[in-house]
Amino acid sequence: MSAEAGMPGTPAWRPPGPALLFCPADRPERYSKALDRSDAVILDLEDAVAPENRESARASLRSAAAGLDSDRYLVRLNAVDTPDFVADAAAAREMGASAVMLAKTESGDDVRRAAAESGAAVLALVETPLGVVRAAEIAAAPGCAGMMWGAEDLVAAMGGATSRFQPEEAELGRRVDGYRDVPRHARSAVALAAAAFDRFAVDSVHLDIGDVSGLRAEAVDAVALGYAATACIHPSQVEVIRAAYAPPAAEIAWAEKVLASAESEGGVFRLDGRMVDGPVIAQARATMRRAGASSGAGGNGGNGGTHDTGGTGAAAAPGETN
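Residue numbers here run from 1 along each chain, matching the order of that chain's written sequence. Totals for whole chains, interfaces and linings use every residue, but because this is a predicted model, local features are given only for residues with pLDDT of at least 70 and side-chain atom pairs only at 80 or more, for both listing and counting. Calculation of side-chain values draws on the structure's entire complement of heavy atoms; hydrogens and water are dropped beforehand.

Chemist: Sorry if this is basic, but what is going on with the packing of aromatic side chains here?
Modeler: Aromatic ring pairs: the centre-centre distance and the angle between the two ring planes describe each pair. Between 30 and 60 degrees the pair is tilted, below 30 it is stacked and above 60 it is edge-to-face, where a pair is any two Phe, Tyr or Trp rings, Trp via its six-membered ring, whose centres lie within 6.5 Å. The final tally for this structure, using the stated rule, is 2 aromatic pairs. Considering the side-chain rings of Trp 149 and Tyr 179, the 5.2 Å spacing of their centres and the 65 degrees angle between planes classify their relative orientation as edge-to-face. With Trp 149 in strand β6 (residues 144-149) and Tyr 179 in the loop between α7 (152-157) and α8 (181-196), the pair connects residues that are 30 residues apart, well separated along the chain. By relative accessible area, Trp 149 is classed as buried at 1%. The buried label applies to any residue whose accessible area, calculated with a 1.4 Å probe on protein chains only, is under 20% of its type's maximum; exposed applies above 50%, and partly exposed to all values in between. Given the relative accessible area of 10%, Tyr 179 is considered buried. Going along the chain from the N terminus, every DSSP run of H or I of four or more residues is numbered as a helix, and every run of E of two or more is numbered as a strand.

Chemist: Looking at this structure, I do not really get helix α3 (residues 85-95). What am I missing?
Modeler: An α-helical segment advances 3.6 residues per turn. Residues three or four places apart therefore align on the same side. Among the residues of α3, Phe 85, Asp 88, Ala 89, Ala 91, Ala 92 and Met 95 are the ones counted as buried. Taken down its axis, α3 places every buried residue within 155 degrees of arc, on the same side. By definition, residues are in contact when any of their heavy atoms lie within 4.5 Å. Buried-residue contacts for α3 involve β2 (40-44), α2 (54-64), β3 (73-77), β4 (99-102) and α4 (108-118). Positive backbone phi, at 80 degrees, marks Gly 96, one or two positions downstream of α3. The directions considered for the arc are those from the helix axis to the C-beta atoms.

Chemist: Explanation requested: the sheet that holds strand β5 (residues 121-126) in the structure shown.
Modeler: Within a sheet, neighbouring strands are paired by backbone hydrogen bonds and run either parallel or antiparallel to one another. Pairing is parallel around the closed barrel formed by 8 strands, whose spatial order is β1-β2-β3-β4-β5-β6-β7-β8. Averaged over all adjacent pairs, the angle separating strand axes in this sheet is 25 degrees, with direction ignored. Here, a strand pair is defined by DSSP locating no fewer than two bridges between the strands. With 3 bridges joining them, β3 and β4 adopt parallel strand pairing. Residue pairing for β4: Arg 76 is matched across the bridge by Met 101. Axis definition: a line fitted to C-alpha atoms, over the contacting stretch in the case of helices. Angles run 0 to 180 degrees between N-to-C directions. In this fold α8 packs onto β5, β6 and β7 (200-203), with an angle of close to 165 degrees to the strand it touches most, β6. Along the sheet, helix α10 (residues 238-245) contacts β1 (19-24) and β8 (229-232); its crossing angle with β8, the most-contacted strand, is approximately 170 degrees.

Okay, structure coming up:
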């Protein structure tokens, strides 16, 4: 890829569709299955792989690289202050990965180092208190292509217990399974920082695989806030996410009409009784980007059943296919 993500020689990368599926890097037999069922795959060297298995996982990635589309996968690297980071980044470079996800990103320097050592665009995963308060610095860093946030590691680092309200809290007027205030703040902070520095944003995973309505509600909200994609841990979640991100036909028709009229109109104009200005035109462009991503989404959707979700937080793994 020829465009740059803020650092010379670093390829730009953007999700080819809205559903990004985690896959453990030590399960090479699942790589192709995960790619078939999603828009892009996050090959996870962090939480989904036990430390003693990471070297063999890196070997598996290198062996499989020639058969993988580099635009449709990311390699999740361990954090820069861990013993595995250098080897993880080297493996991604040897694979020719277009993008890496950096776990527990906490500074612009973290991003720069990951970009330099992997040779890839960086999706900065913000999932610690320090990362959240430095979100703008991270987004501004050369090499940062996008940002994602994680709730479970964030809450654990704060000494908390759960990122979401629990059933027993319903009597207190809480919305069961809704995010608590701090995770909601982190989600907003990442979205704002990404937008401020023209990076894409990826929404966090929904860990309750059976909660289809909850996943759909979060994905619909992510679209409304300008997120480019949502990460997921199970193939059955892919089609829910795709459906949420795909704009309806009427919205596409309106966007096409707005953009066509904007070519001949100057400044603010009226269209079908509505005022059209810069923000409306920007929204129309965003609609067409989502339409393009939806029509070009790869894979066959999430029709295969899986079982284990290994790992915790934002790192869980698709299980075996039935």
